Amino acid sequence: MKYIYGNWKENNTLRDVNLFISEFKKQKMPNDVCFGLAVPYLYLQKMNKKLQKKCEIGVQNVSFSEKGEFTGEISAKMLCDFNCSFSLVGHSERRQKFKETNEEINQKMLRCFDFGIMPILCVGETKEEKDENKTKKVLKMQLTKCLKDIPTSKKFMVAYEPVWAIGTGVTPSPKDVEENVSYIKKVLSENIKVSGICVLYGGSVNPQNAKELLNGKSVDGALVGGASLNAKKFVDIGKNLQNIRR
Ligand code: 13P
């Protein structure tokens, strides 16, 4: 099974959402591919109702607190009333533009577990860190801090998203994707003591490069930004993975 998750970010008006839904419904879905979409909160209910059977619907962020005086925040407890199946946690845009720390991200992971929302933890190095050969050090640090004291029986996913590959059209080589994803799995099993965790790759994935980029034996799928805004492109990414042999 491959997992293709999309992240709409701060995109799509209601009109675009309606168009996406009708286009998505026309697509023939590939076998053995599970689709998910992290949408803006406002569309959670509608998307869930319309696409439930063909696509998991989740959100892009969640509050670190359960409730209280946190104006503008949405809690995991609220989300579970709306059948939200997952939330991205610690996306690099949240880390960089909203100054989220690993400690806050850890709290967000715990809130998701408390209320049955599957978190997808995003990790990845910046260009500077890569150039200084610090990728593995950064990945290990982010994983150990963000996954501190998590219940090891709960389901979650990790997305490896090198910051320099997001929205740039530049990607790591398939060999580097495999190496870093397999390193993440090693840290998960040796340091966090969890197994069977799916690890996705994210950063400039499109229907043309998906098959090659996601071909590595450790790579379980993709987290797709720009190309997930177009229903056909999004589904095509999954279709192009169908023939990968395991
Ligand atoms: P792009 O696919 O647009 O590079 O975005 C990746 C991403 O940030 C997914 O979370």
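The structure contained in this document is the topic of the report that follows. (Residues numbered from 1 in each chain as written. Predicted model: local features only at pLDDT ≥ 70, side-chain atom pairs only at ≥ 80, totals over all residues. Heavy atoms only, no water.)

**Considering helix H5 (residues 102-114)**
Across its 13 residues, H5 extends 18 Å between first and last C-alpha, which sits within 8% of the 18 Å expected from 1.5 Å per residue. Buried within H5 are the following residues: Asn 102, Ile 105, Asn 106, Lys 108, Met 109, Leu 110, Arg 111, Cys 112 and Phe 113. Those residues of H5 that are buried lie in contact with helix H3 (76-80), strand E4 (86-89), helix H4 (92-97), strand E5 (118-123) and helix H7 (135-146). Of the residues flanking the end of H5, it is Gly 116, one or two places downstream, whose phi is positive at about 70°. (Helix = DSSP H or I, 4+ residues; strand = E, 2+ residues; numbered from the N terminus. Expected span 1.5 Å × (residues − 1). Buried < 20%, exposed > 50% of the residue type's maximum accessible area, 1.4 Å probe, protein only. Contact = heavy atoms within 4.5 Å.)

**Focus: the environment of Glu 73**
With respect to the helices, strands and loops of the structure, Glu 73 is situated in the loop between strand E3 (56-58) and H3. Judged by relative accessible area, Glu 73 falls into the partly exposed class, the value being 33%. Taking C-alpha positions, Glu 73 is 7.4 Å from Val 62, a pair spaced 11 residues apart along the chain. Apart from residues no more than four positions distant in its own chain, Glu 73 is found in contact with Ser 63 and Met 78.

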